[in-house]
Amino acid sequence: MTKGKVDALLGIVFGDEGKGKVVDVFTPRYDVVARFAGGPNAGHTIIFEGKKFVLRSIPSGIFDEGKLNIIGNGCVIAPDLFMAEAMELEQAGYNLKERLHISKRAHLILPTHRVLDRAYEAAKGKNKVGTTGKGIGPTYSEKASRTGLRVGDILDNFPQKYEQLKNRHLQILSDLHFTDFDITEEEQRWLQGVEYMRQYPLTDTEIEINKALAEGKNVLAEGAQGTMLDIDHGTYPFVSSSNTISGGVCTGLGIAPNRIGEIFGIFKAYSTRVGAGPFPVELFDETGDKIREIGHEYGAVTGRNRRCGWLDLVALKYAIMVNGVTQLIMMKSDVLDSFDTIRVCVAYEKDGVRVTDMPYDTEGWNAVYEDLPGWKTDLTGLTEECQFPQPLKDYITYIEKETETPITIVSVGPDRAQTIARSK
Ligand code: GDP
Ligand code: IMO
Ligand code: MG
């Protein structure tokens, strides 16, 4: 029997690369689309036919009615935010209950996890991570310390389990002297969210996915965050709390490594980072402001300014290595349309030492650049690779040569239609 494969589409830098857009574009090729990590810290934007959606926990394959979407076991889910997100889609005419399954093994984010997120950040003083405040760290911590609640817990004696964990959190918060909060309303909405979630198939998604694969169906794993925010391989401790890399696809969906097919690594033609932590390519000048302005680089979840800089090949090569990226997808190329010169970071330098491999601690390194000519052409209306201006072709070839990985898609605008496939 022909067996199906799991392809993965992964952000390979600091997140917000445009994963939502490309998953939506790819969905017609797959039978199942599944999120394997993260939770409502993600904000995946999809724009088509004049409509715009920002998805947080729901996979970006949801707009294609024939496809099964899965929130996998590696995810964390906040019932109140899930309810709000799902109801917005239902109001827009999408019947989710027929096409969205949630893993019983995914962990629940409680309102008190969000308070703990704030409390831990406050306690960090100057070393704040700059989290999204969605309770991600505390929820994954409790998963690891085996005290968390899972979606499957909703189905059995839930009120008692909830009260028990909430009270534990309230005790920790009291010990931290973090008591200036009121979750009464939030808790009401959260409990409504739990009831709302019961209307969805809460299933053993790892079994469903493996059965689908055995039938020869194909699965697309939708990444969240990016490699440099991975708990093991990112710029620790300024990272998120899950494995965002390709290895996380196996643990986060319950599939074996030999099921993985293509690994699409998605990056922007430049760099951004939201939140604190080392970022050697960060531009503090008007060029950085110009990239932010043109690229609308403001967080989809928190509205914060995204920090901007030129493309970082040190980070990109590292990400390609740890993920096993087989194809690259370059996003937001149009944002660089008006620049005379485009810089690329090829190495980091500190105290006379130059490195091209990602160092253990990226703090305090300066970027070393090579310059390439800009294309000074409006890319947003292009539809085919043969229309690319020569300097864009040169930029693509340069990145492909440096990374030894083909760029098979170039995105020239936020709309589904502004996506150009290249011949390999
Ligand atoms: P994700 O988290 O990786 O799904 O990315 P986000 O949705 O957080 O951020 C990507 C932003 O860039 C969104 O506002 C998209 O609408 C937008 N976008 C995606 N691709 C392109 C592109 O090629 N050009 C431009 N100008 N915007 C894009
Ligand atoms: P998507 O899927 C960009 C960042 C936060 C913070 C750090 C830890 O849309 O690409 P957390 O709330 O996860 O504990 O925050 O990670 N971060 C993201 N940055 N895109 C994301 O998701 C992110 N999710 C978390 O800003 O620096
Ligand atoms: Mg995002």
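The structure we're discussing is the one just above.
Note that this is a predicted model, so its numbers are computed, not measured. (Residues numbered from 1 in each chain as written. Chains lettered and ligands numbered in written order. Predicted model: local features only at pLDDT ≥ 70, side-chain atom pairs only at ≥ 80, totals over all residues. Heavy atoms only, no water.)

Thoughts on the overall build of the chain
Alright, step 1. Counting its secondary structure elements, the chain contains eleven helices and 20 strands.
Alright, step 2. C-alpha extents for the chain along the principal axes are approximately 65 × 55 × 40 Å.
Alright, step 3. A burial count over the chain gives 56% of its 424 residues as buried.
Alright, step 4. Long-range contacts, defined as pairs at least 24 residues apart, comprise 76% of the intrachain contacts of the chain with a sequence gap of at least 6.
Alright, step 5. Carbon and sulfur atoms make up 49% of the accessible area of the chain, which amounts to about 17700 Å² in all. (Helix = DSSP H or I, 4+ residues; strand = E, 2+ residues; numbered from the N terminus. Buried < 20%, exposed > 50% of the residue type's maximum accessible area, 1.4 Å probe, protein only. Contact = heavy atoms within 4.5 Å. Areas by Shrake-Rupley, 256 points an atom, 1.4 Å probe, with all protein chains shown as cover.)

Concerning empty space enclosed by the protein
Alright, step 1. What the rule picks out here adds up to three cavities of 30 Å³ or more.
Alright, step 2. Put simply, the largest cavity is a space of about 60 Å³.
Alright, step 3. As for the largest cavity, its lining consists of 14 residues, and the residues nearest its centre are Phe14, Pro280, Asp312, Ala315 and Tyr348.
Alright, step 4. Taken together, the residues that form the lining of the largest cavity break down as ten nonpolar, three polar and one charged. (1 Å grid on protein atoms, 1.4 Å probe; cavity = no way out; pocket = protein on both sides within 12 Å on 5 of 7 lines; lining within 4 Å. Points joined across faces, edges and corners; volume = space filled by probe spheres on them. Nonpolar A, V, L, I, M, F, W, Y, C, P; charged D, E, K, R; others polar.)

What about the environment of Arg198?
Alright, step 1. Within the secondary structure, Arg198 is located in the loop between helix 6 (184-197) and strand 9 (202-203).
Alright, step 2. Polar side-chain contacts of Arg198 include one of 3.4 Å to the backbone oxygen of Ile154. (Polar contact = N/O pair within 3.5 Å; in protein donor to acceptor, adjacent residues only side chain to side chain.)

What about the state of the cysteines?
Alright, step 1. For the structure on display, the rule yields zero disulfides.
Alright, step 2. Its sulfur unpaired, Cys308 is 16 Å from the next cysteine sulfur, which belongs to Cys345.
Alright, step 3. In this structure Cys308 comes out as buried when scored by relative accessible area, which is 1%.
Alright, step 4. The exposure class assigned to Cys345 is buried, which follows from its relative accessible area of 0%. (Disulfide = S-S within 2.5 Å.)

Quick look at the coordination of the magnesium ion (ligand 3)
Alright, step 1. For the magnesium ion (ligand 3), the full set of protein donor atoms is Asp16 (OD) and Gly43 (O), and the range of their distances to it is 2.0 to 2.2 Å. Highlighted residues: Asp16 in the loop between strand 1 (6-11) and helix 1 (19-26) and Gly43 in the loop between strand 2 (32-35) and strand 3 (44-48), separated in sequence by 27 residues.
Alright, step 2. For Gly43, a relative accessible area of 11% translates into the label buried. (Donors = N, O, S within 2.8 Å, 3.2 Å for Na, K, Ca; no water.)

What about the nonpolar core?
Alright, step 1. The biggest cluster of nonpolar side chains holds 72 residues, and the ones touching the most others in it are Ile12, Val249, Phe267, Tyr395 and Ile399.
Alright, step 2. Here this core gets seven residues from one element, more than from any other, and that element is helix 10 (residues 313-323).
Alright, step 3. Excluding residues that lie within four positions of it along the chain, Tyr395 makes contacts with Ala269, Leu311, Met330, Leu336, Ile342, Val344, Leu372 and Trp375.
Alright, step 4. The next biggest cluster of nonpolar side chains, apart from the first, holds 33 residues, and it includes Phe82, Ala106, Leu110 and Phe158. (Core = buried A, V, L, I, M, F, W, Y, C linked by side-chain atoms within 4.5 Å.)

Focus: the site of ligand 2
Alright, step 1. Taken together, 21 residues form the shell around ligand 2, and within it Asp16, Lys19, His44, Thr132 and Ser240 come nearest.
Alright, step 2. Gly130 places a polar main-chain atom, nitrogen or oxygen, 3.5 Å from an oxygen atom of ligand 2.
Alright, step 3. Val274 has a polar backbone atom sitting 3.1 Å from an oxygen atom of ligand 2.
Alright, step 4. Protein chains shield 98% of the accessible area of ligand 2, which is 550 Å² for the free molecule.
Alright, step 5. A molecule is said to occupy a pocket when more than half its atoms come within 2 Å of that pocket's grid points, and by this definition ligand 2 occupies the largest pocket. (Near = heavy atom within 4 Å. Sits in = over half its atoms within 2 Å of the grid points.)

That's the geometry; what it means functionally is another story.
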